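Topology and contacts: notes
These are the residues of each chain, in order.
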There are 4 protein chains.
Amino acid sequence: MPKVSAAYLAARRRQILDAAAACFARDGFHRTSMQDIVRESGISAGLVYRYFAGKDDVIAAIVGEWHDQRQIFATGGVDERVAAYLDYLRSVGDPESAARLRLGVQIWAEAVRNPRIRELSRRNVDDPRAAVAAVLRTLPLAPGLDPDALARVLIAVYQGLLVQTVWDDGVDNAAYVGTVEALLGALIRSGPPSAPR
Amino acid sequence: MPKVSAAYLAARRRQILDAAAACFARDGFHRTSMQDIVRESGISAGLVYRYFAGKDDVIAAIVGEWHDQRQIFATGGVDERVAAYLDYLRSVGDPESAARLRLGVQIWAEAVRNPRIRELSRRNVDDPRAAVAAVLRTLPLAPGLDPDALARVLIAVYQGLLVQTVWDDGVDNAAYVGTVEALLGALIRSGPPSAPR
Amino acid sequence: MPKVSAAYLAARRRQILDAAAACFARDGFHRTSMQDIVRESGISAGLVYRYFAGKDDVIAAIVGEWHDQRQIFATGGVDERVAAYLDYLRSVGDPESAARLRLGVQIWAEAVRNPRIRELSRRNVDDPRAAVAAVLRTLPLAPGLDPDALARVLIAVYQGLLVQTVWDDGVDNAAYVGTVEALLGALIRSGPPSAPR
Amino acid sequence: MPKVSAAYLAARRRQILDAAAACFARDGFHRTSMQDIVRESGISAGLVYRYFAGKDDVIAAIVGEWHDQRQIFATGGVDERVAAYLDYLRSVGDPESAARLRLGVQIWAEAVRNPRIRELSRRNVDDPRAAVAAVLRTLPLAPGLDPDALARVLIAVYQGLLVQTVWDDGVDNAAYVGTVEALLGALIRSGPPSAPR
DNA sequence: TATGAATGAGGTTTCATTCAT
DNA sequence: TATGAATGAAACCTCATTCAT
């Protein structure tokens, strides 16, 4: 018989996570103190620890949530899938994504030395990569192109755009996406475009 | 006139930086304490502060050094340049690079929130990118490909490979490089830059 | 007129005290948190504070209850009294006493620095001691034996057995009791107190 | 090549331990904060942690030191040994012992629930007990007296005096010791006093 | 009556940096 | 030049207690 509704609890949890994400994006995981999260969230220190076992647990929750909302290759025919991927790249240029991107790079760094974070983080990469590879295997790729490797390349094209955008206000997202589009056109359109799933 | 030789001073400085780089690659900048560096380097705490103003200064020195030894696109004809780039990607798979790669990701994260580091770090990316773009401008690129954007894509292909390799022992570097090679072959008609289409 | 019966109130109070005693015996007063008592008792935090003013009050209630059930020297003739004392020592070896003994030592320590606890705790020692001394005064003691001091010695023989038993599974309770019995035999000429030397 | 002498380090360590012992005797282990020790010792918080791994480690060091300086049964003939034991009891009444006694009871309580402390603490009891038992085995004891059990009784007579003295200013130490003396006389002197060894 | 979410002071511990030697 | 003992602010976390429901 909980004292408050599950929705209320979820809202409080969200309040903490949103505050934490903002802090982490701004200052990184290690320059953010629990007090910072407490201040930003307006929730007392003690209460944070009723929702999360500790700072590491907050970080893990943030990382677990940091998956890409859009499915990188979505569903549908080849054209739809390609369009979805390009939209995905386009979203990196959206000013509203800035905090998310910054957070993403923090997560990459944390994943290097924290096995728990690495597991969570890899899931964000491995799952879409596997999906992309599955799609690529159905397509008549140009010779010399390995579907698994090409999937990694496509992920890399996203990851690199992310890093460069985080550091540099001046990235021309439209030109980047346009170039990737041309690139994909040269690779994939070389087969019959009607190749359905 | 200095009491000790410049070479001696440089050697001590190197000793500190090597120890710091090892620690930072292993544990990240923030989980590495000055004590860790002191232990790893065998140099006393007080002395470290005679070579560096503080921890931030050590980090900055490490970041300033973390440029890529190989020139991403080297010099020579197109074929040599492409070969150099592919070698560059290959080096990411070299087990001896592991510590460097880990350090690289730490730097990316630190660059997000530390303007001084960001400046140093961007230089590591912007300079090779500009060089790549300059080369690309001399080549007959397939239609729709913007040299500047394509340069960013090539950098991204490297950056993404780096992240994925850091997280995942199982990256098939040869396949990745092979696929990128095929990709580049399709985009750039090799041969002398002046060769007609 | 109370809303609930006095018996109900008493039962809840008991529930709290039993839980607290179990926690205190296991972890000591200071390593036991109010949350521990809440968990162990199944009674909510708020309600505990309707029965007790605070943690100190719970501790005081526990200490106030921790008197020895058996009367150390009981009543009757000398033989019965001696037999009761020896039974008292025997009870220390009873495995079921273990929690009580552990709690006892915790109380001793708390009594050192908490005047309120000390008062409650001394009552547990002073009362039986006075009773023992009163009995001893009626007996023909061997020369050199002071009844008050001997009463303290008998209490000490119990207290020391308690500590040693708490620390050491291997105490041979029967041998201890047997030796004390022989000792008492040598000191107190049994028989009717009025019996001549 | 230590920066300061071993004697200096030992003196600092002593400074911390003395402060800690004073705090622990006054307030118990758990009501004493590290800040209290810092204040009492005049040594900074950070430095305390260069000497001790943590509060538990300070406690363990205190417990490890809390052995009785006097050998409970000393050496020599029976008379000397008995005299030493009685002196030992007498020392409990010495006002200067007060802090030590209080600390002793805190240790007993901690030993109940802390295995590391229990080991250290038992050594303080088991070693003298074994020594006493060894001596007793060489004596012609009155019938019914088991040397090991009697050793436990003698330890108990000390332990109980300690507790009672801690709680009660009014313990008549001289009477207690006198009574124990009479008691021992009745038990041991019943054999030939010349029993050497 | 009964709940348990909420508070925030205070606990232990770490760590970048300084400075007497 | 070189050491490492020393500092103390600030980090993470716990817990007795309160109070809206």
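Conventions and cut-offs
- Residues numbered from 1 in each chain as written.
- Chains lettered and ligands numbered in written order.
- Predicted model: local features only at pLDDT ≥ 70, side-chain atom pairs only at ≥ 80, totals over all residues.
- Helix = DSSP H or I, 4+ residues; strand = E, 2+ residues; numbered from the N terminus.
- Buried ≥ 20, exposed ≤ 12 C-beta atoms within 10 Å, placed from the backbone.
- Least-squares fit on C-alpha atoms with pLDDT ≥ 70 in both.
- Contact = placed C-beta atoms within 7 Å.
- UniProt positions renumbered as here; feature names shortened; annotations may be inferred.
- Near = placed C-beta within 6 Å.
- Nonpolar A, V, L, I, M, F, W, Y, C, P; charged D, E, K, R; others polar.
- Domains from an automatic or database assignment.
- Expected span 1.5 Å × (residues − 1).
- Arc of directions from axis to C-beta.
- pLDDT = per-residue confidence, 0-100.

**Observations concerning the overall build of chain A**
The helix and strand inventory of chain A stands at nine helices and zero strands. Going residue by residue from the N terminus, the α and β elements of chain A occur as α-α-α-α-α-α-α-α-α. Dimensions of chain A, computed from the C-alpha atoms along their principal axes, are close to 60 × 45 × 30 Å. Across the 197 residues in chain A, those meeting the buried criterion constitute 40%.

**Let's talk about the relation of the copies chain B and chain A**
Once turned by 179 degrees and shifted 0.0 Å along the axis, chain B lies on chain A with an RMSD of 0.2 Å. Taken together, the rotation and translation relating the two chain copies correspond to the operation of a two-fold axis. With an isologous cut-off of 70% or more, the 98% of interface residues of chain B that recur at the interface of chain A puts this contact in the isologous class.

**Some points on the UniProt feature "DNA-binding region" (unreviewed entry) in chain A**
Under the local residue numbering, the UniProt record ascribes the feature "DNA-binding region" (unreviewed entry) to residues 33–52 of chain A. Counting secondary structure, residues 33–52 of chain A comes out at 75% helix and 0% strand; the distance between its end C-alpha atoms is 14 Å.

**Considerations on the protein's contact with DNA strand E**
Lining the immediate environment of DNA strand E, one finds 35 residues, of which Gly46 of chain A, Gly54 of chain B, Gly46 of chain C together with Gly46 and Gly54 of chain D sit closest. At the level of secondary structure, the elements contributing two or more residues to the surface near DNA strand E comprise helix H3 (45–51) of chain A, helix H2 (34–41) and helix H3 (45–51) of chain B, helix H3 (45–51) of chain C together with helix H2 (34–41) and helix H3 (45–51) of chain D. Counting residues per element, the surface near DNA strand E draws most heavily on H3 of chain C, at four residues. Counted by class, the surface near DNA strand E contains 16 nonpolar, 12 polar and seven charged residues.

**A word on the interface of chain C and chain D**
Tallying the contact residues gives 46 residues for chain C and 49 residues for chain D. Put simply, the parts of the chain that give the side of chain C that touches chain D at least two residues each are helix H6 (98–113), helix H7 (115–137), helix H8 (147–167) and helix H9 (173–187) of chain C. Element by element, the count of residues in the side of chain C that touches chain D is highest for H8 of chain C, at 15 residues. Residue composition of the side of chain C that touches chain D, grouped by class: 24 nonpolar, 10 polar and 12 charged.

**Focus: the protein's contact with DNA strand F**
The immediate surroundings of DNA strand F are formed by 35 residues, with Gly46 and Gly54 of chain A, Gly46 of chain B, Gly54 of chain C together with Gly46 of chain D found nearest. Among the elements of the structure, helix H2 (34–41) and H3 of chain A, H3 of chain B, helix H2 (34–41) and H3 of chain C together with H3 of chain D are those that each provide at least two residues to the surface near DNA strand F. At four residues, H3 of chain B tops the list of elements feeding residues into the surface near DNA strand F.

**Comments concerning the arrangement of the chains**
At the C-alpha level, the nearest point of chain A lies 21 Å from chain D, with no contact between them. No part of chain B reaches chain D; the closest C-alpha pair between them is 12 Å apart.

**Re the interface of chain B and chain A**
Put simply, an interface is often sized by how much accessible area is lost when its parts join up. Taken together, the contact pairs 46 residues of chain B with 47 residues of chain A. Considering every element that reaches the side of chain B that touches chain A, the biggest residue donor is helix H8 (residues 147–167) of chain B, with 15 residues. When grouped by side-chain class, the residues that make up the side of chain B that touches chain A number 25 nonpolar, 10 polar and 11 charged.

**Some words on the domain arrangement of chain A**
All names here are of chain A. Domain assignment breaks chain A into domain 1 (6–65) and domain 2 (78–188). Across the boundary between the two partners, domain 1 contributes 10 residues, which contact 10 residues of domain 2. Each residue belonging to the side of domain 1 that touches domain 2 can be placed in one class, and the counts come to eight nonpolar, two polar and no charged.

**Examining helix H5 (residues 78–93) of chain B**
Residues and elements named next belong to chain B. The end-to-end C-alpha distance of H5 is 24 Å, a good match for the 22 Å that 16 residues give at a rise of 1.5 Å each. Listed as buried for H5 are Val78, Arg81, Val82, Tyr85, Tyr88 and Val92. Around the axis of H5, the buried residues are gathered within 115 degrees of arc, so they sit on the same side. Opposite the packed face of H5, turned more than 90 degrees from it, sit the exposed residues Asp79 and Glu80. The secondary structure elements touched by the buried residues of H5 are helix H6 (98–113), helix H7 (115–137), H8 and helix H9 (173–187).

**Observations regarding the confidence of the model for chain A**
Of all residues in chain A, 91% have pLDDT values of 70 or greater, and the mean over the chain is 90. Contacts of residues 190–197 of chain A to residues separated by more than four positions or lying in other chains number 11 contacts, the stretch itself having pLDDT below 50.

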